[in-house]
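Listed below, chain by chain, are the residues.
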Amino acid sequence: MAAVRPGLGRIIPGSSILFLCDMQEKFRHVSFFPQIVSVAARMLKVAQLLDVPVVLTEQYPQGLGPTVPELGAEGLQPWSKTCFSMVPAVQQVLDARPQLRSVLLCGLETQACILDPCSCLGVALTSFCPHTALDLLDRGLQVHVVVDACTSRSQVDRLVALSRMRQSGAFLSTSEGLILQLVGDATHPRFKEIQKIIKEPAPDSGLLGLFHGQNPLFR
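Residues numbered from 1 in each chain as written. Predicted model: local features only at pLDDT ≥ 70, side-chain atom pairs only at ≥ 80, totals over all residues. Heavy atoms only, no water.

### A look at the packing of helix α1 (residues 33-49) against helix α7 (residues 191-198)
Move 1: Orientation of α1 relative to α7, taken along the N-to-C sense of each, is 180°, at an axis distance of 10 Å. As summarised for this structure, α1 and α7 are arranged roughly antiparallel, according to the angle between their axes. From α1, Arg42, Lys45, Val46 and Leu49 reach across to α7, where they touch Glu193, Ile194, Ile197 and Ile198.
Move 2: Residue composition of the contact of α1 with α7, by class: five nonpolar, no polar and three charged. (Axes fitted to C-alpha atoms, helices over the stretch in contact; angles between N-to-C directions. Helix = DSSP H or I, 4+ residues; strand = E, 2+ residues; numbered from the N terminus. Parallel < 35°, antiparallel > 145°, perpendicular 65-115°, else oblique. Contact = heavy atoms within 4.5 Å. Nonpolar A, V, L, I, M, F, W, Y, C, P; charged D, E, K, R; others polar.)

If you want it as structure tokens, here you go:
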């Protein structure tokens, strides 16, 4: 396998994994939830076509419910967790893949666990983004946050969390950008199938409003 320079953030299927975090029934009220799940479902379909492994977690499913069916993850066995990061729950998955270089992150809430866990419906509402990203970066892995497949109840929290992860060395990318990186070439044998998946633009998840006016957090 060709070496990948960490600073460039290049991804290839053979050394990548897709993380899908906590897209569960009790989180349907979160801002842009349907759009986020739709984009994450596209990432899942592409990962399956390209034989990229996928990890699915559920935060305290007894209280927060199962993964929503719209994600299309019925064939995946979810990893149940209570930790504020995905990494401890899926440690054995990471340990079993010494060739792993890149992790693609989708899910919610984007800001959770950078400062304090928040609560919703009487149970801890905790999810992946900064805490999982930091744990993965600590392991020497590249982290690619799929920005149109991540959200928070508060769009301020979402914006600052994206900036925080970028400051720590994570790459911010759109789903289509990452999909095309994974495919690499229009001559790829699965390109026609993937082209059908990305033919329609990803739904708007409020990102334009976050980046409008050259927001100083992203300078």
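The rest of the description comes next.
### Some remarks on the nonpolar core
Move 1: Judged by nonpolar contacts, the single largest core of 37 residues is most densely connected at Leu18, Leu20, Met43, Leu71, Leu104 and Cys106.
Move 2: Those elements giving two or more residues to this core turn out to be β1 (16-21), α1, β2 (54-59), β4 (102-108), β7 (142-151), α6 (175-183) and α7.
Move 3: In this structure, leucine 71 is in contact with Leu20, Met23, Val37, Ala40, Ala41, Leu44 and Leu56, ignoring residues within four places of it in sequence.
Move 4: Counting residues in each nonpolar core, the second largest holds 23 residues, with Cys21, Val90, Ala133 and Leu162 among its members. (Core = buried A, V, L, I, M, F, W, Y, C linked by side-chain atoms within 4.5 Å. Buried < 20%, exposed > 50% of the residue type's maximum accessible area, 1.4 Å probe, protein only.)

### Observations regarding α1
Move 1: With 17 residues, α1 should cover 24 Å at 1.5 Å per step; its first-to-last C-alpha distance of 24 Å lies within 8% of that length.
Move 2: Of all 17 residues making up α1, 12 are buried, and the element is well covered by its neighbours.
Move 3: Three or more residues of α1 are buried, namely Phe33, Ile36, Val37, Val39, Ala40, Ala41, Arg42, Met43, Leu44, Val46, Ala47 and Leu49.
Move 4: With its phi angle positive at about 60°, aspartate 51 sits one or two positions after the end of α1. (Expected span 1.5 Å × (residues − 1).)

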